[in-house]
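# Secondary and tertiary structure notes
The chain contents come next:
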Protein chains: 4
Amino acid sequence: MFDRDDLKGIIPPIATPLTPSEEVDVAGMRRLVDYVLDAGVHGLFVLGATGEFAYLRDRERVRAIETAVEAANGRVPVMAGISDAGTKQVIEHCLAARRAGADFVACMAPYYSTLRQPWIYEHFRAIACETGAPLLLYNVPPVATPIEPETIARLAEIENVVGMKDSGDFIHIQDVLFRTRGRDFRMLSGLEYHLVAALQIGARGGTPSPSNIWPQVYVEMYDKTISGKVEEAFALQERSNRFVDLLDAIPSWTSTVKAALHLMGICGPTVAAPAPSLSIEEADLLRAHLARYHLL
Amino acid sequence: MFDRDDLKGIIPPIATPLTPSEEVDVAGMRRLVDYVLDAGVHGLFVLGATGEFAYLRDRERVRAIETAVEAANGRVPVMAGISDAGTKQVIEHCLAARRAGADFVACMAPYYSTLRQPWIYEHFRAIACETGAPLLLYNVPPVATPIEPETIARLAEIENVVGMKDSGDFIHIQDVLFRTRGRDFRMLSGLEYHLVAALQIGARGGTPSPSNIWPQVYVEMYDKTISGKVEEAFALQERSNRFVDLLDAIPSWTSTVKAALHLMGICGPTVAAPAPSLSIEEADLLRAHLARYHLL
Amino acid sequence: MFDRDDLKGIIPPIATPLTPSEEVDVAGMRRLVDYVLDAGVHGLFVLGATGEFAYLRDRERVRAIETAVEAANGRVPVMAGISDAGTKQVIEHCLAARRAGADFVACMAPYYSTLRQPWIYEHFRAIACETGAPLLLYNVPPVATPIEPETIARLAEIENVVGMKDSGDFIHIQDVLFRTRGRDFRMLSGLEYHLVAALQIGARGGTPSPSNIWPQVYVEMYDKTISGKVEEAFALQERSNRFVDLLDAIPSWTSTVKAALHLMGICGPTVAAPAPSLSIEEADLLRAHLARYHLL
Amino acid sequence: MFDRDDLKGIIPPIATPLTPSEEVDVAGMRRLVDYVLDAGVHGLFVLGATGEFAYLRDRERVRAIETAVEAANGRVPVMAGISDAGTKQVIEHCLAARRAGADFVACMAPYYSTLRQPWIYEHFRAIACETGAPLLLYNVPPVATPIEPETIARLAEIENVVGMKDSGDFIHIQDVLFRTRGRDFRMLSGLEYHLVAALQIGARGGTPSPSNIWPQVYVEMYDKTISGKVEEAFALQERSNRFVDLLDAIPSWTSTVKAALHLMGICGPTVAAPAPSLSIEEADLLRAHLARYHLL
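Residues numbered from 1 in each chain as written. Chains lettered and ligands numbered in written order. Predicted model: local features only at pLDDT ≥ 70, side-chain atom pairs only at ≥ 80, totals over all residues. Heavy atoms only, no water.

## Quick word on the relation of the copies chain A and chain C
Definition in use: Copy-to-copy superposition: least squares on the C-alpha atoms, limited to residues that have pLDDT of at least 70 in both copies.
For the pair chain A and chain C, the superposition axis carries a translation of 0.0 Å, the fit reaches an RMSD of 0.0 Å, and the rotation angle comes to 180 degrees. When the rotation and shift are considered jointly, the pair of chain copies conforms to a two-fold rotation axis. Across chain A, the rotation axis passes nearest the C-alpha of Phe170(A), at a separation of 3.1 Å.

## Overview of the sheet that holds strand β1 (residues 9-10) of chain C
Residues and elements named next belong to chain C. Convention followed: The pairing criterion for strands is at least two bridges between them, as found by DSSP. In this description a helix means any DSSP run of H or I spanning at least four residues, a strand means any run of E spanning at least two, and both kinds are numbered starting from the N terminus.
Reading across the sheet, the 9 strands line up as β1-β9-β8-β7-β6-β5-β4-β3-β2 and stay open at both edges, with parallel pairing between neighbours. In the strand order of this sheet, the two ends are held by β1 and β2 (13-14), each with one partner. Bridge analysis of strand β8 (residues 186-189) against strand β9 (residues 205-206) gives 2 bridges, and the strand direction is parallel. Its bridge partner lying in β9, Leu-188 is registered against Gly-205.

## Notes on the interface of chain A and chain C
Defined as follows: The contact definition used throughout considers only heavy atoms, calling two residues in contact when any of these lie within 4.5 Å. When two parts are put together, the accessible area they lose, computed with a 1.4 Å probe and summed over both, is reported as buried area. Any carboxyl oxygen of Asp or Glu that lies within 4 Å of a side-chain nitrogen of Lys or Arg is treated as forming a salt bridge with it. In protein, a polar contact requires one atom able to donate a hydrogen and another able to accept it; more generally it is a pair of N or O atoms within 3.5 Å, and residues adjacent in sequence count only if both atoms are side-chain atoms. We call Asp, Glu, Lys and Arg charged. Ala, Val, Leu, Ile, Met, Phe, Trp, Tyr, Cys and Pro are nonpolar, and the rest, Gly among them, are polar.
In this assembly, 18 residues from chain A lie in contact with 18 residues from chain C. Across the interface of chain A and chain C, roughly 1,600 Å² is buried in total on both sides, 58% from carbon and sulfur atoms. The largest contributions to the chain A side of the interface with chain C come from Ile171(A), Phe178(A) and Glu238(A), which together make up 31% of the buried area. Where chain A meets chain C, there are 6 salt bridges. For Asp175(A), the salt bridge identified is with Arg242(C), shortest N-O distance 2.7 Å. The tally of links from chain A across to chain C stands at 8 residue pairs in polar contact (both at pLDDT 80 or more). Of all the secondary-structure elements, those providing two or more residues to the side of chain A that touches chain C are α6 (170-179) and α9 (230-248) of chain A. Looking at the side of chain A that touches chain C residue by residue, the classes come out as 8 nonpolar, 4 polar and 6 charged.

## Observations concerning the interface of chain A and chain B
Taken together, the contacts link 30 residues of chain A with 30 residues of chain B. Taking both partners together, chain A and chain B bury about 2,600 Å²; carbon and sulfur atoms supply 62% of that area. Considering only the surface of chain A that becomes buried against chain B, Tyr112(A), Trp119(A) and Pro274(A) emerge as the three largest contributors, covering 27% of it. Inspection of the chain A/chain B interface yields 4 salt bridges. In this structure, Glu92(A) and Arg57(B) form a salt bridge, with 3.0 Å as the shortest nitrogen-oxygen distance.

## Things to note about the packing of aromatic side chains
Rules: Two rings from Phe, Tyr or Trp (for Trp, the six-membered ring) form a pair when their centres are within 6.5 Å of each other. A pair whose planes differ by under 30 degrees is stacked, one over 60 is edge-to-face, and the rest are tilted. Relative accessibility thresholds used throughout: buried, under 20% of the residue-type maximum; exposed, over 50%; partly exposed, between the two (1.4 Å probe, protein chains only). Counting as a charge over the ring demands two things of the Lys NZ or Arg CZ atom: a distance within 6 Å of the ring centre and an angle within 35 degrees of the ring normal.
According to the stated counting rule, one finds 18 aromatic pairs over all chains in the structure shown. Note on Trp214(B) and Phe243(B): the rings are 5.1 Å apart at their centroids and 75 degrees apart in plane angle, and the pair reads as edge-to-face. Here Trp214(B) is found in the loop between β9 (205-206) and α8 (215-226), whereas its partner Phe243(B) is found in helix α9 (residues 230-248), with 29 residues between them in sequence. Phe243(B) matches Trp214(B) in its accessibility class, with the two residues each being buried. Cluster of aromatic residues (ring-pair linked, three or more members): Trp214(A), Phe243(A) and Tyr293(A). Positioned over the ring face of Tyr121(D) is Arg154(D), at 3.7 Å from the centre of the ring.

## Focus: the sheet that holds strand β7 (residues 161-166) of chain A
Residue and element names in this part refer to chain A. Read across the open sheet, the 9 strands follow the order β1-β9-β8-β7-β6-β5-β4-β3-β2; overall the sheet is parallel. Looking at strand neighbours, the two that pair on one side only are β1 (9-10) and β2 (13-14), the edges of this open sheet. Judged from the 2 bridges that link them, β1 and strand β9 (residues 205-206) form a sheet pairing that is parallel. Each residue of the ladder has a partner; that of Ile-10, found in β9, is Gly-206.

## What about helix α11 (residues 280-292) of chain B?
Residues and elements named next belong to chain B. This is how it is decided: Helix span is expected to be 1.5 Å times the residue number reduced by one. For this quantity, the arc is that covered by the directions from the helix axis to the C-beta atoms.
Look at α11: 18 Å from first C-alpha to last across 13 residues, which is about the 18 Å you get at 1.5 Å a residue. Taken together, the buried positions of α11 are Leu-286, His-289 and Leu-290. For α11, the arc enclosing every buried residue in end-on projection is 95 degrees, short of the 170-degree limit, so these residues lie on one face. The exposed residues of α11 that point more than 90 degrees off its buried face are Ile-280, Glu-281 and Arg-292. Packed against the buried residues of α11 are α9 and α10 (253-263). Taken from the residues just after α11, His-294 is the one with a positive phi, measuring 60 degrees.

## Quick notes on the confidence of the model for chain A
For clarity, the cut-off: pLDDT: the predictor's confidence for each residue, scored from 0 to 100.
When pLDDT is averaged along chain A, the result is 97; 100% of the residues meet or exceed 70. Reported confidences for the modelled complex are a pTM of 0.96 and an ipTM of 0.96.

## Details of the packing of α9(B) against α11(B)
All names here are of chain B. For clarity, the threshold we go by: As a rule, the C-alpha atoms of each element are fitted with a line to give its axis, helices using only the stretch in contact, and angles between N-to-C directions run from 0 to 180 degrees. For classification, angles of less than 35 degrees are called roughly parallel, those exceeding 145 degrees roughly antiparallel, those between 65 and 115 degrees roughly perpendicular, and all remaining angles oblique.
Direction vectors running N to C along α9 and α11 enclose 170 degrees, while the axes themselves pass 10 Å from each other. With respect to each other, α9 and α11 are oriented roughly antiparallel. Here α9 contributes Phe-243, Leu-246 and Leu-247 to the contact with α11, which in turn contributes Leu-286, His-289, Leu-290 and Arg-292.

## What about the pairing of strand β5 (residues 104-108) of chain B?
Successive residues of a regular strand alternate their side chains across the two faces of the sheet. All names here are of chain B. Most of β5 is tucked away: 5 of the 5 residues are buried. Because side chains alternate across β5, one face comprises the buried residues Phe-104, Ala-106 and Met-108, and the other comprises Val-105 and Cys-107, equally buried. With 3 bridges connecting them, strand β4 (residues 78-81) and β5 associate as parallel partners. Across the sheet, residue Ala-80 finds its bridge partner in β5, namely Val-105.

## Observations concerning α9(B)
Quick reminder: α-helices carry 3.6 residues per turn. Residues three or four places apart thus point the same way. The end-to-end C-alpha distance of α9(B) is 26 Å, a good match for the 27 Å that 19 residues give at a rise of 1.5 Å each. For α9(B), the set of buried residues is Ala233(B), Phe234(B), Leu236(B), Gln237(B), Glu238(B), Ser240(B), Asn241(B), Phe243(B), Val244(B) and Leu247(B). Structurally, α9(B) contributes buried residues whose contacts are with α7 (195-200), α8, α10 and α11 of chain B together with α6 (170-179) of chain D.

## Observations regarding the environment of Thr270(B)
Residue and element names in this part refer to chain B. Of note, Thr-270 is situated in the loop between α10 and α11. For Thr-270, a relative accessible area of 19% corresponds to the buried category. Residues Thr-270 and Gly-48 lie 222 residues apart in sequence; the distance between their C-alpha atoms is 17 Å. Beyond its immediate chain neighbours, meaning those up to four positions away, Thr-270 contacts Leu-18, Thr-19, Pro-20, Glu-22 and Lys-258.

## Some words on the side chain of Thr254(A)
Residue and element names in this part refer to chain A. With respect to the secondary-structure elements, Thr-254 resides in helix α10 (residues 253-263). Exposure remark for Thr-254: the relative accessible area of 18% places this residue in the buried category. The contact partners of Thr-254, leaving out residues within four places of it in the chain, are Ala-49, Thr-50, Glu-52, Val-271 and Ala-275.

## A word on the environment of Asn212(D)
All names here are of chain D. Along the chain, Asn-212 falls in the loop between β9 (205-206) and α8 (215-226). Separated by 28 residues in sequence, Asn-212 and Asp-184 place their C-alpha atoms 28 Å apart. Look past the residues within four positions of Asn-212 in its chain and what remains in contact with it is Pro-13, Ile-14, Ala-15, Leu-32, Tyr-35, Val-36, Thr-50, Val-257 and Leu-261. Looking at Asn-212, its side chain comes within polar contact range of the main-chain nitrogen of Ala-15, at 2.9 Å. At 3.0 Å, the side chain of Asn-212 and the backbone oxygen of Ser-209 are in polar contact.

## Thoughts on empty space enclosed by the protein
Residues and elements named next belong to chain D. Put simply, the rule reads: Definitions used throughout: a 1 Å grid over protein atoms alone; a cavity as a set of points that fits a 1.4 Å probe which cannot get out; a pocket as an open set with protein on both sides within 12 Å along at least five of seven lines; a lining residue as one with an atom within 4 Å of a point. Grid points are joined across faces, edges and corners, and a volume is the space filled by probe spheres set on the points.
On inspection of all chains with the given rule, the structure shows 3 cavities of 30 Å³ or more. Estimates place the volume of the largest cavity at around 50 Å³. Considering the residues around the largest cavity, the lining is formed by Leu-47, Arg-61, Val-62, Ile-65, Gly-81, Ile-82, His-93, Ala-96 and Ala-97. Only α2 (58-72) and α3 (87-99) provide two or more residues apiece to the lining of the largest cavity. Taken together, the residues of the lining of the largest cavity break down into 6 nonpolar, 2 polar and 1 charged.

Right, dumping it as structure tokens:
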């Protein structure tokens, strides 16, 4: 139903609301999906790093995708994370994600070990070719070995490798865009701090993690950029960067996102262990930050 | 049947022989267990890093433990790796490992994310307390956040935290020994390069990965050290270190171990993807190294 | 004669041509200055990293600045590197550089040790206040501890801290620009790979090291960018980035720059030890690259 | 007068007492030399990292060596640091150090840049051969590129390369000892945390930086170790390691050493900028630590 032309705009890497026993909180996830869709986002990325994919048992992974798909209800495309340490595991996650209704799948380089580029190429090639799923590469150093632009350019020649989420630096994004020009390969910027600049050089959109909490500013930033109002876009970039600086000073990003969503009435604060709950002092600080930005 | 007093000597972190479709090769694992037990090793560590734990699907993890337990047949204790990214997952692996017959379990700090020491403490505390299993901490920087000696000393106060496998440096091992003196806490040296020195300051044994291939030299090194023949022990240390240097020059340690076991007639060379097979040139080089050390 | 408004455009961090005994080759440096000025560059940066400042004895540092100043002969401003490990040493270099005729001085954070931000602030404050020289901060991680944007913003309040050369990533440059907006603080991009994008968000110029060899492409890139021909500017960015990739594959950047200048007839190939000379194979490869880009 | 057989025992890398204007405090250095010699140390290492060599101007480097030589007055050998970024600079420092009376010189790999092993070999070879001075290699990662054991073994073949100070880890020290066995190459352990273990495997002595403050414990540790009282030696190792942990929690090691020497009445607290003075809170904490260990 959706194709690669729909990979654009703001695609929040949504948190996975959890019950106290770390099962998917279906009602919470529906509220989160509605919150970001009401703000005008253009897609959903479920089971990214913010979605705590690495901590969820297989059955919860599937439930998270199913819930997001049902909640999106065809309004926007749903991209599902399928990352794991081994190729076989990823292929199983990929098939499960497609059965659960994901429009696209996105995969990191294996994050447990340091890999050489030919092994990384072969990893993605096997996934793309054995599943046929519309695949996005997900570059996220230093969590996983960086995928070099030359490797990406070679992978972009495979029909169902439709694009990437690049959380590498600006020079990496620029180099991938240079090397894939003319191909039907969609770039999404993973880092929210340089979103406007990335859009200006050819990225089609971005997956800013803080858009779980403040989707409005990123949607407006995107709209301003593509309509040529660059100065206004950069003013929003600066404003949101300062907001993220405040939140980032609290240890454990996923815990902070969940605590914010809890304060905003969307879902409970549970994160998968070993990530910690916020302390009372941290939660008070977070509440003040959210209030200051009119998010409460 | 076995208790913490049995945590001593050479405990190979055995490879997990695999069929071409990446299922556990039961006959191969039995041959490997017999090979190292015939050489006189004092225990088995299944599903460590050399055992490719991170790449195996849950059912294969269980099968690997069951096979090792059956093959050991009560002759030596079996320690099983239960590492994963999240606390809940580890607890599930732990219960499964105990059901499969493991005498001890060993667990890394979560390897996907960078954690603060109190979160690491809580991770291990939860595993120890919710399962009651005889647990070894497994320190393996930089794969996982280092577990600081103070954290280890606090964890050593928990009854069923019986010891650790420390692949940190010599100063780390020494500091843990200083801080746990008087406790019933068993230290195993993870790094084979300083095994003799670690034994001299109080380690009870070691888990040298190359003992999959050359268990004899490590058993002899251990025997010489504990019987006070230190000069002979260091001569073996030097000799085996040079051997490991040669193998280590080939990329992908697990692939090299499997290829060596294949050349030695113990199991097939299959490693879990994305780890690569050795090239023909690398395999020829490996064969020459093994021949030079009389292992073929 | 020159003031901060002249800090703009392409300012090559020129190599320091050396005689075989590692003294400044005055005639060679004059030829290099003429070569880049003929190509239209807007300033000179002498004794940066490419200028091998760290390897030169004090008397050669002074001679390099004097030679560049004489050769420039008032046509463009001359900025001189004054970096060293200690504050006192830097102040001596600064006074010597001003006596030698430098219009501006530029200084790294001390590169021998890891410093906290308040110590870095105090280092630069002391240099600025005790010398009164027009000072540029020089951010060059990981060679030196990164200077954080907050520290830079505080330093920018000092009258004679006129700007910076930022070899940090794009997000760092953007953040400094956000935080110094409204101040008379001039940003020069240190990294040549993202020069166009840096100019687009407010950098006044750049100090691309490869402009020693190929100044023309950077001058044209700058002209296209400031005259709004962005697509043409990015085409030049891509072309020059590929050129730099080729040269960068040869170990030791300063040796490669000197060898290129030697092949181009500008100066001898001597680099200060312990940097090595290029091997014959590397020199042949370099010659082929230069020929392919019509630089011979 | 002294030869390589005198390279043994505890050789403090002495601080360089400074006047408020960062010139060598001659009287202070004499008091420091007397303090450590009275405690029984076996040599002096002037202008090491603790001696703030990198921050001192050339004339102060020479004065520091002259002062130490005069103060030692032939009682123990004096080793002088000659490290710098470039080979030519080091050779000048070396000749000056010998003129100033140093018995031995010690040199790091160049610390400004990352070097390949053959360049490091050539750096040390040039220094040894062009000066003829009795040279110690000084391995100090990550401040400088690590000198690999193979490189050290090749350098040990040069007549006047008499030994090394190794601040690498235990495995590095052990490997150098393995590879230089049979040569007249003296190993000093740079890291105080594993001094006893290093002596046990063949190091001739050590250069513990905390022996500026507490020389007695290291002298006793050395004596116990070489007289076979290993258990007592390890008890002192543990006790001194805990002491160092306390001091190490205060930022800036050299500032802490100077502040301690000031509290002990030996010299002023001045460190070369940009290193900071201790805050009042830090100084109070330090005073308490010193009192607890009966050093005040």
